[in-house]
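An overview of the molecular structure
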Amino acid sequence: MATAATTTTDAAPEELSAGTTFSPLAGPALIAGAVLLLIAAAIGVSTGSAALFWHAYLMNFVYVASFVIGGLFFTLACHLFGAYWATSIRRLAEIVASAMPVIILLFVPIALFVLNDETGALYPWGDRAATLDDAVLKPKADYLSPKWFVIRAAIIFAVWAFATRIMVKGSLKVDKTGSVATLRGLARWSGPLMALFAVSLNVAAFDWLMSLDPVWFSTMFGVYYWAGCVLGFLALLTLMIHFLQSRGMITQSVRVEQRHDIAKLMFAMVVFWGYVTFSQFMLIWYANVPEETKWYADRGAPAPFGISSMTGWLFILHLLIPFLGFMSKRVRRNPQAMAGWAAYLLAVHWYDHYYIVMPTLKVTYSFTGVSSGSAPPFVLEALCLVGMLLVLIGAIARGTTRKWLVPIKDPRMHEALTYVNH
């Protein structure tokens, strides 16, 4: 950020703006996604599978929310650490983070259900009589109450929406002015906002996911969810770049050096996710406290070395295979290969959420599907997944409206376009 020069890329303007191309897709995608979610709800109610529907809805909500949360984190981190190499890809993160209002709307049905559910169909602590009668849960009853659950969620979303607005609005202002002062202001905001983001993300992970089993607890769970958010966003970012470049966009502003750095970050997050996940498992296995080991016992029948089938598959699919798959520099610099690995990681990232959420449904489950009511296996999960993804795609397409795909007057663009990996 040494100069205030109004640097622009060499690409033609029409290659940098995707608003006219993708904005028309927003409405149909949002409507189609909402319709699929309504169909899933109708099937859930008509087949006596309401509990399964709400678990499927929550699972896919936290899955698509993880991309938006990861986009916000990436944007904050770029300003906090002065990451000039990422200047040309930061706008894509801002566009993904701009989907935050839609994520808030998707959470509203969960909040309304929690406020009105007295059976504990989604969160067991929703059954207040049982919670107050339980010696372990009674001390947590004030925290795990529907009212405070919704209030905390409102505060969490307020923090994320505020942070997104500050970062995106400031970045778009630089598009017009090339102002170094505005960028320095964003850098000053990024520190406090990152601290608020860290606290709010931990609370969200505890409330939305860990409290599905209110007896169980892990102080590492917030970091575990954060690692998945960042990894999921980086995989989505890789696919977005591949998609745009396959259509002749941002081919000059996002080079192999940026794609290579994204791949290195993905590799780092695969390893970090494995480190956090194994540490959590190892400490619980070693302590062997019933309230803690139950969480792993619920995730499949015991297998050799005490690792349940679902946990074992998660380690293999989420850690071992990608670790070996794109360890090579040659693979990480290959756009087609990394697009394939990004798609693979998005799939196992979904399985990670299935692993967290679905076993808490108090019915029989297996790899052939969860049994609840008379809904066919995986139908509600699939409808909610496709519906949520369409809503996310619509929100991202809407986010491209009147935006350049790269921050064209950011003074750091020159450094982003000339740096080389070593």
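Thresholds applied
- Residues numbered from 1 in each chain as written.
- Predicted model: local features only at pLDDT ≥ 70, side-chain atom pairs only at ≥ 80, totals over all residues.
- Heavy atoms only, no water.
- 1 Å grid on protein atoms, 1.4 Å probe; cavity = no way out; pocket = protein on both sides within 12 Å on 5 of 7 lines; lining within 4 Å.
- Points joined across faces, edges and corners; volume = space filled by probe spheres on them.
- Helix = DSSP H or I, 4+ residues; strand = E, 2+ residues; numbered from the N terminus.
- Nonpolar A, V, L, I, M, F, W, Y, C, P; charged D, E, K, R; others polar.
- Buried < 20%, exposed > 50% of the residue type's maximum accessible area, 1.4 Å probe, protein only.
- Arc of directions from axis to C-beta.
- Contact = heavy atoms within 4.5 Å.
- Expected span 1.5 Å × (residues − 1).
- Bend = angle between axes of the 7 residues up to and from the residue.
- Phe/Tyr/Trp six-rings, centres within 6.5 Å; stacked < 30°, edge-to-face > 60°.
- Lys NZ or Arg CZ within 6 Å of the ring centre and 35° of its normal.

- Taking an unreviewed UniProt entry as the reference, the chain is identified by name as Quinol:cytochrome C oxidoreductase belonging to Posidoniimonas corsicana.

1. Comments concerning the layout of surface pockets
- Volume-wise, the largest pocket comes out at about 560 Å³.
- Every residue lining the largest pocket is counted, 22 residues in all, and those nearest its centre are Leu-236, Met-240, Phe-243, Ile-393 and Ile-396.
- Elements with a contribution of two residues or more to the lining of the largest pocket: α2 (19-46), α3 (50-81), α4 (87-97), α9 (221-246), α14 (335-357) and α15 (379-399).
- Per-class residue counts for the lining of the largest pocket are 21 nonpolar, one polar and no charged.
- Roughly 330 Å³ of internal volume is contained in the second largest pocket.
- In this structure, the second largest pocket is lined by 13 residues; those nearest its centre are Ser-98, Pro-101, Thr-164, Val-168 and Lys-403.

2. Quick word on helix α11 (residues 290-297)
- Buried residues of α11: Glu-292, Trp-295 and Tyr-296, and no others. Angularly, the buried residues of α11 cover 95° about the axis, an arc narrow enough to put them on a single face. Along α11, the residues that are exposed and aim more than 90 degrees away from the buried face are Pro-290 and Ala-297.
- The inward-facing, buried residues of α11 contact α9, α10 (256-287), α12 (309-325) and α14.

3. Remarks on helix α5 (residues 100-116)
- Between its terminal C-alpha atoms α5 stretches 25 Å, which fits the 24 Å expected from 17 residues at 1.5 Å a residue.
- Roughly 30° is the biggest bend found in α5, and it falls at Phe-107, with proline Pro-109 one to four residues downstream.
- Along α5, the residues classified as buried are Met-100, Val-102, Ile-103, Leu-106, Phe-107, Ile-110, Ala-111, Phe-113 and Val-114.

4. Some thoughts on empty space enclosed by the protein
- In this structure the tally under the stated criterion is four cavities of 30 Å³ or more.
- The calculated volume of the largest cavity comes to roughly 100 Å³.
- Around the largest cavity, the lining residues are Thr-238, Ile-241, His-242, Arg-259, Ile-262, Ala-263, Met-266, Arg-332, Arg-333, Asn-334, Pro-335 and Met-338.
- At the level of secondary structure, the elements contributing two or more residues to the lining of the largest cavity comprise α9, α10 and α14.

5. Overview of the packing of aromatic side chains
- This model, assessed by the stated rule, comprises 40 aromatic pairs.
- Between Tyr-123 and Phe-149, the ring centres sit 5.2 Å apart and the planes meet at 55°, which makes this aromatic pair tilted. Note that Tyr-123 is positioned in the loop between α5 and α6 (128-133) and Phe-149 in helix α7 (residues 146-177), a separation of 26 residues in sequence. Each of the two residues, Tyr-123 as well as Phe-149, counts as buried.
- Directly above the ring of Tyr-355 sits Arg-299, whose terminal nitrogen or CZ lies 5.5 Å from the centroid.

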